[in-house]
Amino acid sequence: MNAAVRAVVRMGIYVGAKVYFIREGYQGMVDGGEENIKEASWESVSSMLQMGGTVIGSARCKEFRSHEGRLKAAHNLVQRGITNLCVIGGDGSLTGANLFREEWSGLLEELVQQGLIDEDAVQKYSALHIVGMVGSIDNDFCGTDMTIGTDSALHRIIEVVDAIMTTAQSHQRTFVLEVMGRHCGYLALVSALACGADWVLIPEMPPEDGWEEKMCQKLSATRSRGSRLNIIIVAEGAIDRHGKAITGSVVKDLVVRCLGFDTRVTILGHVQRGGTPSAFDRILASRMGVEAVIALLETTANTPACVVSLCGNQAVRLPLMECVQMTQEVQKAMDEKKFEEAVKLRGRYIHITNHCSGFAQLQPQPPAQYEILGTSNFNIAVLNVGAPAAGMNAAVRSAVRVGISEGHKMFAVNDGFEGFYKGQIKEIKWADVGGWTGQGGSLLGTKRTLPAKYVEKIAEQMRAHNINALLVIGGFEAYLGLMELLEARSNYEEFCIPMCMLPATISNNVPGTDLSIGADTALNSIVETCDRIKQSASGTKRRVFIIETMGGYCGYLASVGGLAAGADAAYIYEEPFDIRDLQSNVEHLTEKMKGAIQRGLVLRNENSNENYTTDFIYQLYSEEGRGVFDCRKNVLGHMQQGGAPSPFDRNFGTKISAKAMLWLTKKMNETFRQGRVFANTEDTCCLLGMRRRALVFQPVVQLKDETDFVHRIPKEQWWLKLRPLMKILAKYKTSYDVSDSGQLEHVVRNIRPKESDPSGAM
């Protein structure tokens, strides 16, 4: 929420508006006074990005629900000339804001009758404009893929799960985790996918009668295959088909009674609401805050109140009450035990149905079913290529288990194409990938070797293992490698098979996708480090930090990391800069440092300029800032590639890999002729990427024209449109192209294509 507050304040000041803090939510609006409604300054929102909660406070207000309370609130706003409200909250807060807006003219008339304001004030402040942003860790608001706070809550849950899994494995225990979600199972479901839990219970999909026996059978089967632990995740609002609550203690008692397993219950509670916000949440909230201000500037008396939402990686505006009504319809369906309808309504926006089907596919199957699985004639190989990226292992696990579920035999190739031509290929079974979701790096091993020199040897290995389809997970080398294999089809029939690539690189430099597996984890590493570095200057004299990020020639990490960390500048290759730009940045920071600002942050992409190196920029800033601030530099290096994958990368890798396996299955069936698979068309060699609102399979041949092969980046990159935001929020005078702002859409039209991805992207 603080990132949203910061963005609204700074964007409001940037466009020339007066911006006010209203403390303690509607209570502060009703109570009024200088302490509760206070003008905000640029400096008053400094150092807010890394803080959890909300610094302006939030409170439930019974008084605002009454007409008298709203009358007081209207009087307090008119006294300060406030006619634009930006409300961050859940459906209750936003519904209250809309009612306030509808009553506004009547409230002003009452204030005139009571002699508290005059007729001129009624004319001057005749309309109240409202824009909403949804702040809720439950992600339970229809109309947006992600609400502010959800990703950070997932981080807290996964941190706890990862810690618990180590102790559970040591003691051979079963752990039952109860997470928040009174009416919405999003946190439970997504965290279950992200940690590879054995069972999940959510409010929208009560288990069928007899679920107790089925769950115990699955837990027992998991243990019998060598696993030393079980994880069960329960949403706090989970119920059975008869409306009876299913709590963590109920599940524990069941497991102990039926299986005798050593079982513990952990209730996460308000831990999920706290802590430092994730990079995703900071970027989401910053984008929404800026969009909210633009929406207020463009609104008229006849424009319905809107809510700023995220759809794919796009900011959109939706009529507030349409979203509220849809959200309430979900609750009504659940109250009436119409669970399928609730899932359908919920699934349209947060794709809970997709999550559920994916989760079911990735769970261990009963032993009897194993005899049926793996009986097809199709063999699929999976390999990692290029540098390691967090989330690769989750993608491999998903591919293996979905492939086995589809009846295929799965083969793992170690060390990329180098291992392929050396024959480092072996069958990989269901149990072999247990616990892989939370592992960083690449457990299969990965190399940058390209296949062109070794196509004959690779063809021999494919022939020897009868490989019928190929899944390549990696970065730019994987993209180049797939094109080389495509060219080799004319000489080697072994490559006339369906081939699919999943983009996985922290640099996010692969054409055909807005986002790559691993980029979110790297962003979080950068942001966490920047937070610590900035904190190290706390209490010292004014200081500027120069930080070098990875990314090759792609400035994604520096730019988006800079937006999330509150950087003053980010130097990248895609936006050329010269000595005058550097001098201007130094002067800008010098002016800021003469005021209340204590710290500055400058990011530089490693290949942004061969002459203006990190050392050069550090020395320039040190010399020109002498007497005002001093400088420190830091090269983040390979720590950006390491660490446990973020919840986003675990789930993104899991979902797109599952989707790719289903596509490969379909293509193999379509191209199976006379006892063999033969696929030689362009559309059988594809990259699966996220494009704006949808996941799209694109032939790699068609991506050639979109690629700058010299610098290994796409020719067009969507995130460059976020750079003006960073500059505006850092107090630079720059132009912001509002043509890229969200347009008002209707909820009924905001239904995405079947290929769309449930995760929002930044």
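Residues numbered from 1 in each chain as written. Predicted model: local features only at pLDDT ≥ 70, side-chain atom pairs only at ≥ 80, totals over all residues. Heavy atoms only, no water.

In the annotation of an unreviewed UniProt entry, the protein chain is listed under the name ATP-dependent 6-phosphofructokinase and assigned to Salmo trutta. You can read under Function (unreviewed entry) in the UniProt record for the protein chain the words "Catalyzes the phosphorylation of D-fructose 6-phosphate to fructose 1,6-bisphosphate by ATP, the first committing step of glycolysis." Taken directly from UniProt, the Pathway (unreviewed entry) text for the protein chain runs: "Carbohydrate degradation; glycolysis; D-glyceraldehyde 3-phosphate and glycerone phosphate from D-glucose: step 3/4." (UniProt positions renumbered as here; feature names shortened; annotations may be inferred.)

Caption draft 1: Highlighting the pairing of strand S12 (residues 409-413). Burial within S12 is extensive, with four of its five residues counted as buried. For strand S11 (residues 379-385) and S12, the ladder comprises five bridges, and the chain directions are parallel. Bridging across to S12, Asn379 finds its partner in Lys409. Crossover handedness for the path S11 to helix H15 (residues 392-405) to S12: right-handed. (Buried < 20%, exposed > 50% of the residue type's maximum accessible area, 1.4 Å probe, protein only. Helix = DSSP H or I, 4+ residues; strand = E, 2+ residues; numbered from the N terminus. Pairing = 2+ DSSP bridges. Right-handed = clockwise from strand over helix to strand, strands pointing away.)

Caption draft 2: View of a positive patch on the surface. Positive charge collects at one region of the surface, where Arg60, Lys62, Arg65, Arg182 and Arg273 lie side by side. Take Arg182: it is sitting in the loop between strand S5 (174-179) and helix H7 (186-195). (Patch = residues over 30% accessible without salt bridge, like charges linked within 9 Å, V, L, I, M, F, W, Y side chains within 5 Å. Areas by Shrake-Rupley, 256 points an atom, 1.4 Å probe, with all protein chains shown as cover. Salt bridge = Lys/Arg side-chain N within 4 Å of Asp/Glu carboxyl O. Lys, Arg positive; Asp, Glu negative; His and termini not counted. Charge placed at Lys NZ, Arg CZ, Asp CG, Glu CD.)

Caption draft 3: Summary view of the sheet that holds strand S8 (residues 263-267). Taking strand neighbours across the sheet as the criterion, the four strands line up as S6-S7-S5-S8 in an open arrangement whose pairing is parallel. At either end of the open sheet lies a strand with only one pairing partner, and these are strand S6 (199-201) and S8. Geometrically, the sheet is characterised by an average inter-axis angle of 15° between neighbouring strands, direction not taken into account. Here S5 runs beside S8; their pairing, made up of five bridges, is parallel. Residue pairing across strands places Glu178 opposite Ile267, the latter belonging to S8. Sheet strands in contact with H7 are S5, S6 and strand S7 (230-235), and its direction is about 165° off that of S7. (Axes fitted to C-alpha atoms, helices over the stretch in contact; angles between N-to-C directions. Contact = heavy atoms within 4.5 Å.)

Caption draft 4: Local environment of the side chain of Asp514. Looking at the element boundaries, Asp514 is found in the loop between strand S16 (499-503) and helix H19 (519-536). With no salt bridge to any partner, buried Asp514 finds its closest opposite charge in Arg691, at an N-O distance of 4.8 Å. Dropping the residues within four chain positions of it, Asp514 is found in contact with Asn313, Asn508, Met690, Arg691, Arg692 and Trp718.

Caption draft 5: Spotlight on the packing of aromatic side chains. This structure, assessed with the given rule, holds 17 aromatic pairs. Centre to centre, the rings of Tyr492 and Phe495 are 6.1 Å apart; their planes meet at 80°, and the pair counts as edge-to-face. On the accessibility criterion, Tyr492 (21% relative accessible area) is partly exposed. Since its relative accessible area comes to 0%, Phe495 is described here as buried. Ring centres of Trp663 and Phe697 lie 4.9 Å apart, and the angle between their planes is 10°; this geometry places the pair in the stacked category. (Phe/Tyr/Trp six-rings, centres within 6.5 Å; stacked < 30°, edge-to-face > 60°.)

Caption draft 6: Up close: a negative patch on the surface. On the surface, Glu109, Asp118, Glu119 and Asp120 cluster together into a negatively charged patch. Checked against the element boundaries, Asp118 lands in the loop between helix H4 (91-113) and helix H5 (119-124).

Caption draft 7: Region of the structure containing the domain arrangement of the protein chain. Domain parsing of the protein chain yields domain 1 (1-147 + 277-332), domain 2 (152-272), domain 3 (367-517 + 646-712) and domain 4 (521-641). Each of domain 1 and domain 2 has a C-alpha centre, and the two are 37 Å apart. Between domain 1 and domain 2, the residue contacts involve nine residues of the former and 10 residues of the latter. Taken together, the links from domain 1 to domain 2 amount to zero salt bridges. (Domains from an automatic or database assignment.)

Caption draft 8: Seen up close, the UniProt feature "binding site: Mg(2+)" (unreviewed entry) in the protein chain. As recorded in UniProt, the feature "binding site: Mg(2+)" (unreviewed entry) lies at Asp91. Residue position: Asp91 is located in helix H4. Overall, Asp91 belongs to the partly exposed group, its relative accessible area being 30%. Setting aside residues up to four positions removed in sequence, Asp91 forms contacts with Phe141, Val324 and Thr327.

Caption draft 9: Region of interest: the UniProt feature "active site" (unreviewed entry) in the protein chain. UniProt marks Asp138 with the feature "active site" (unreviewed entry), using the numbering shown here. Mapped onto the elements, Asp138 comes out in the loop between strand S4 (129-134) and helix H6 (150-171).

Caption draft 10: Expanded view of the nonpolar core. Counting 163 residues, the largest nonpolar core has Ile233, Leu471 and Tyr556 as the members making the most contacts within it. Per element, the largest residue contribution to this core is 12 residues, and it comes from helix H10 (residues 279-298). Judged by nonpolar contacts, the second largest core, of 39 residues, contains Ala121, Val134, Phe141 and Ala305. (Core = buried A, V, L, I, M, F, W, Y, C linked by side-chain atoms within 4.5 Å.)

Caption draft 11: The sheet that holds strand S20 (residues 630-635), seen in detail. The strand order S18-S19-S17-S20 describes an open sheet built from four strands, whose pairing is parallel. Two strands in the sheet have a free side with no partner beyond their single neighbour: strand S18 (569-571) and S20. The mean angle between the axes of side-by-side strands here comes to 20°, regardless of whether they run parallel or antiparallel. Judged from the six bridges that link them, strand S17 (residues 543-549) and S20 form a sheet pairing that is parallel. Residue pairing for S20: Arg543 is matched across the bridge by Asp630. Contacts from helix H21 (residues 579-593) reach S17, S18 and strand S19 (599-605) within the one sheet, and its direction differs from that of S19 by about 160°.

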